[in-house]
Amino acid sequence: MSSSRIITLTSSDEVAFDVDEAVAFESQTIKDAFGDDRADNGTLLPNVTSKILSKVIEYCNMHVEARKFEERSGFDEELKAWDADFVKVDQGTLFGLVDAANYLNIKGLLDLTCQTVAEQIKGKTPEEIRRTFCIKRYFTPEEEEEVRRENQWAFE
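The rules behind each value
Residues numbered from 1 in each chain as written. Predicted model: local features only at pLDDT ≥ 70, side-chain atom pairs only at ≥ 80, totals over all residues. Heavy atoms only, no water. Phe/Tyr/Trp six-rings, centres within 6.5 Å; stacked < 30°, edge-to-face > 60°. Helix = DSSP H or I, 4+ residues; strand = E, 2+ residues; numbered from the N terminus. Buried < 20%, exposed > 50% of the residue type's maximum accessible area, 1.4 Å probe, protein only. Pairing = 2+ DSSP bridges. Axes fitted to C-alpha atoms, helices over the stretch in contact; angles between N-to-C directions.

Caption draft 1: Inspection of the packing of aromatic side chains at higher detail. This structure, assessed with the given rule, holds 5 aromatic pairs. Taking 5.7 Å as the distance between ring centres and 50° as the angle between the ring planes, the aromatic pair formed by Tyr59 and Phe86 counts as tilted. Pair noted here: Tyr59 is in helix α3 (residues 50-66) and Phe86 is in helix α4 (residues 75-86), with a separation of 27 residues, a long-range link. The pair Tyr59 / Phe86 is uniform in exposure class, with both members buried. Ring centres 5.6 Å apart and planes at 85° place the aromatic pair Phe95 and Phe133 in the edge-to-face group. With Phe95 in helix α5 (residues 91-104) and Phe133 in the loop between α7 (126-132) and α8 (141-150), this residue pair connects regions lying 38 residues apart in the sequence. Residue Phe95 is classed as partly exposed on the basis of its relative accessible area, which comes to 33%. Owing to a relative accessible area of 13%, Phe133 belongs among the buried residues under this scheme.

Quick look at the structure:
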């Protein structure tokens, strides 16, 4: 698809972003929303704020542009480095990107952001994970001990 058609994506806080169709269609959700009806040039994204949508567009734009250079030597390493820098964001932004990637069905972005969260969890104790992600303890110490006994294999 070598179209230069512009699509307007409107965030939940009603900020409009004009993006190239190829960039917008990195999202399977947006691509499916347009279907065969090409008359409409915009869509509202009620689950994505402007702050997060601007980051999503940045990611999609980079990956669309990067495809033009796939044959170049060192391409993969450069894109991986860019991706690694892209996810060096605060926790709220990271989780917003996970949610947006899931809602918009952008597989590459969802994989990248989930991997980043997984790396933040790796090697941490449950208590460290709770602190890192501000997770409240729902079990009493006695209930937690019972769960540990019943599922001892998971804690080995």
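Let us keep going from here.
Caption draft 2: Representation of the sheet that holds strand β3 (residues 42-44) within the structure. The strand order across the open sheet built from 3 strands is β2-β1-β3, with neighbouring strands paired in mixed fashion. Edge positions in the sheet fall to β2 (16-20) and β3, since each has one partner strand and no second. In this sheet, neighbouring strand axes are inclined to one another by 25° on average, regardless of whether the strands run parallel or antiparallel.

Caption draft 3: The arrangement of the pairing of β2 in detail. Burial along β2 is one-sided: the face carrying Phe17 and Val19 is buried and the face carrying Ala16, Asp18 and Asp20 is not. Strand direction decides the pairing type here: strand β1 (residues 6-10) and β2, joined by 5 bridges, are antiparallel. Note on β2: the bridge partner recorded for Ile6 is Asp20. What sits between the antiparallel neighbours β1 and β2 is a turn of 5 residues, in which Glu14 has the positive phi angle 65°.

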